[in-house]
Amino acid sequence: MKTLLTTDFTDSSKNAIDYAIQLLSKEDQVKYKLVHAHKPMVSYSGEKSIPVLENPALKDKLKKELEEMQWNLKDEYTIDVEPELKRGGVYEVVHRLEKNDSSHDLVVMATREKSFFERMTFGSNTLQVAQNAETPVLIVPREAKSKSPKTIAFATDLEPLHIPYTSLKLVKDLIDQHDAALEVVHVYESEEEKEKSVSMKDTAMHRYMEEIEHKHVSMINESVYDGIIDYISKHKPDMLVLIPRDRNFFEQLFDKSVSKQMARDTDIPSLVLN
């Protein structure tokens, strides 16, 4: 398994990397690529074409920091780590790597704000990568603690699962490796909608997961976001799995109108499947 570890050399990114490595510690033959996206400075001028200024000294400094981080990880975890300093923004770099060499099966990203939802709500490179990457994205809040997940929640809108089997297999492998319980969660807007809806046991999600012991959890809330937060508060899962869609489920979850509710937020890692 090839895993792309993104870093900006902050404590948040180091925590995300530590979390990911320990999460995947039971996976066979994991190869890590440690990437820092280096965005050159732009010179402001009156010219129509804006020149980009390279800073060789800064580039060398970043390269040394990346190599030092590589050796620290090798020494701490005894893992295979390849460092790469790439030019461009995080989304641009991840997208380019996917298109050019299909170099990874999982992308790991950190959040600087309190939690996954807080970071995503205000828009960021993280959201852009999560929505558009061709591989699963593991997003780790800065307060997340490295531990073996005992309960994994899979939030679903009950629509057909248009994701590669490899993405689903990643979830199944994590469940098996950590002996985790799986809870499939759906938020209904009302009891009436729930009564009219097809049974969760008749959905594609249930069929995909039928060989894995799991239970279905229904939440009633007009807001998908609030419903999931209520679920997390009551059931306290260790990881949340999401599927980005262009439809209401994903859009409601990260709508800016819910920012005022961030005080109730959570800091569990989230795995976005693509």
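About the cut-offs
- Residues numbered from 1 in each chain as written.
- Predicted model: local features only at pLDDT ≥ 70, side-chain atom pairs only at ≥ 80, totals over all residues.
- Heavy atoms only, no water.
- UniProt positions renumbered as here; feature names shortened; annotations may be inferred.
- Helix = DSSP H or I, 4+ residues; strand = E, 2+ residues; numbered from the N terminus.
- Buried < 20%, exposed > 50% of the residue type's maximum accessible area, 1.4 Å probe, protein only.
- Contact = heavy atoms within 4.5 Å.
- Areas by Shrake-Rupley, 256 points an atom, 1.4 Å probe, with all protein chains shown as cover.
- Polar contact = N/O pair within 3.5 Å; in protein donor to acceptor, adjacent residues only side chain to side chain.
- Core = buried A, V, L, I, M, F, W, Y, C linked by side-chain atoms within 4.5 Å.
- Pairing = 2+ DSSP bridges.
- Axes fitted to C-alpha atoms, helices over the stretch in contact; angles between N-to-C directions.
- Expected span 1.5 Å × (residues − 1).
- Salt bridge = Lys/Arg side-chain N within 4 Å of Asp/Glu carboxyl O.

As annotated in an unreviewed UniProt entry, the chain carries the name Universal stress protein and comes from Reichenbachiella ulvae. The UniProt entry for the chain carries this comment under Sequence similarities (unreviewed entry): "Belongs to the universal stress protein A family."

## A few points about the overall build of the chain
Within the chain, the secondary structure is distributed over 10 helices and 12 strands. Here the chain holds 274 residues, and 51% of them are scored as buried. Within the chain, contacts between residues separated by at least 24 positions form 79% of all contacts whose residues are at least 6 apart in sequence. Carbon and sulfur atoms form 46% of the exposed surface of the chain, whose accessible area is close to 14000 Å².

## Remarks on unusual backbone geometry
Its identity as a non-glycine residue notwithstanding, Gln 29 has a phi of 50 degrees, on the positive side. By the element assignment, Gln 29 lies in the loop between helix 1 (11-23) and strand 2 (31-38). A positive phi is found at Thr 78, a non-glycine position, where the angle reads about 55 degrees. Among the structural elements, Thr 78 can be located in the loop between helix 2 (56-77) and strand 5 (80-87).

## Here we look at the side chain of Asn 274
Checked against the element boundaries, Asn 274 lands in the segment after strand 12 (270-272). On the basis of relative accessible area, Asn 274 is assigned to the buried category, the value being 11%. Here Thr 135 takes part through its backbone oxygen, which lies 3.0 Å from a polar atom of the side chain of Asn 274. Other than its neighbours up to four places away in sequence, Asn 274 contacts Ala 130, Gln 131, Ala 133, Glu 134, Thr 135, Pro 136, Val 137, Ile 163, Pro 164, Ser 167 and Pro 244.

## Regarding the nonpolar core
In terms of nonpolar packing, the biggest core is built from 42 residues, with Leu 73, Leu 138, Phe 154 and Leu 271 touching the most fellow members. Excluding its chain neighbours within four sequence positions, the residues that come into contact with Leu 138 are Tyr 19, Ala 20, Leu 23, Leu 106, Val 107, Val 108, Met 109, Met 239, Pro 269, Ser 270 and Leu 271. Among the nonpolar cores identified, the runner-up in size contains 14 residues, and Leu 4, Ala 37, Leu 97 and Ala 133 belong to it.

## Points about the sheet that holds strand 5
Strand order in this open sheet of 10 strands is 5-2-1-6-7-12-11-8-9-10, and the pairing throughout is mixed. The open sheet has two edge strands with one neighbour each: strand 5 and strand 10 (214-220). Across the sheet, the mean angle separating the axes of adjacent strands is 25 degrees when strand polarity is ignored. Summarising the sheet, strand 11 (residues 239-242) and strand 12 pair through 3 bridges and their orientation is parallel. Considered in strand 12, the bridge of Leu 240 is made with Ser 270. The strands touched by helix 6 (residues 165-178) within the sheet are strand 6 (106-110), strand 8 (151-155), strand 9 (181-188), strand 11 and strand 12, with strand 8 carrying the most contacts at an inclination of about 155 degrees.

## Here we look at the environment of Leu 58
Residue position: Leu 58 is located in helix 2. Residue classification places Leu 58 among the partly exposed positions, given a relative accessible area of 32%. Through-space distance from the C-alpha of Leu 58 to that of His 38 is 9.7 Å; in sequence the pair is 20 residues apart.

## Here's the deal with helix 6
Given 3.6 residues to a turn, an α-helix orients residues that are three or four positions apart in the same direction. Relative to the 20 Å expected for 14 residues at 1.5 Å per residue, helix 6 spans 20 Å between its end C-alpha atoms, a close match to the ideal helical length. The buried fraction of helix 6 amounts to 10 of the 14 residues, a majority that puts the element mostly inside the structure. Taken from the residues just after helix 6, Asp 179 is the one with a positive phi, measuring 50 degrees.

## Quick notes on the pattern of salt bridges
Under the definition given, this model contains 10 salt bridges. A salt bridge links Asp 238 to Lys 147, with the nearest nitrogen and oxygen atoms 3.1 Å apart. Here Asp 238, found in the loop between helix 9 (224-235) and strand 11, pairs with Lys 147, found in the loop between strand 7 (137-140) and strand 8; they are 91 residues apart in sequence, far enough to count as distant. A residue is classified by how much of its surface remains accessible, and Asp 238, at 14% relative accessible area, is buried. Note that Asp 173 and Lys 169 form a salt bridge whose closest N and O atoms lie 2.8 Å from each other.

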